[in-house]
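# What the coordinates show
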Amino acid sequence: MPKAKKIVLMGLAGLLVLLVAGCAPEVGSEEWCLAMQEKPKGDWTANEAADFAKHCILK
């Protein structure tokens, strides 16, 4: 594969990652709390559980 084509593909992949990451609501926001309530509790990380308690329950 030509070097220029690899560079273009890597740039597009990086842009896609940035676009997807930009869609996630900010931790502690109303939208984030609602999204966490919909997410199965077994799929939460320890950090997510702590943030949920701090921002959504103990406001």
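Below or above, wherever it landed, is the structure these notes cover. (Residues numbered from 1 in each chain as written. Predicted model: local features only at pLDDT ≥ 70, side-chain atom pairs only at ≥ 80, totals over all residues. Heavy atoms only, no water.)

## Some details on the overall build of the chain
Along the chain, the regular secondary structure elements total 3 helices and 0 strands. The helix and strand sequence of the chain, counted from the amino end, reads α-α-α. Buried positions account for 14% of the 59 residues belonging to the chain. Surface accessibility of the chain: about 4900 Å² in total, with carbon and sulfur atoms responsible for 66%. (Helix = DSSP H or I, 4+ residues; strand = E, 2+ residues; numbered from the N terminus. Buried < 20%, exposed > 50% of the residue type's maximum accessible area, 1.4 Å probe, protein only. Areas by Shrake-Rupley, 256 points an atom, 1.4 Å probe, with all protein chains shown as cover.)

## Quick notes on the pattern of salt bridges
Pairs can form between side chains of opposite charge once their charged atoms are near each other. All chains considered together, the criterion is met by 1 salt bridge. Of the charged contacts, one joins Glu48 and Lys39 as a salt bridge, the two residues approaching to 3.1 Å between their closest N and O atoms. The class of Lys39 is partly exposed, set by a relative accessible area of 26%. (Salt bridge = Lys/Arg side-chain N within 4 Å of Asp/Glu carboxyl O.)

## A look at helix α2 (residues 30-38)
The complete set of buried residues in α2 reads Trp32, Cys33 and Met36. Within α2, the buried residues cover an arc of 100° as seen down the axis, which keeps them to one side. α2 presents Glu30, Glu31 and Glu38 as exposed residues on the side facing more than 90 degrees away from its buried surface. Against α3 (46-57) lie the buried residues of α2. (Arc of directions from axis to C-beta. Contact = heavy atoms within 4.5 Å.)

## Observations regarding the nonpolar core
Considering soluble globular proteins, one finds that nonpolar side chains tend to be buried as a cluster. Formed by Trp32, Cys33, Met36, Trp44, Phe52 and Cys56, the largest nonpolar core amounts to 6 residues. Elements that contribute at least two residues to this core include exactly α2 and α3. Here this core gets 3 residues from one element, more than from any other, and that element is α2. Contact partners of Phe52, with chain neighbours within four places excluded, come to Trp32, Cys33, Met36, Gln37, Trp44 and Ile57. (Core = buried A, V, L, I, M, F, W, Y, C linked by side-chain atoms within 4.5 Å.)

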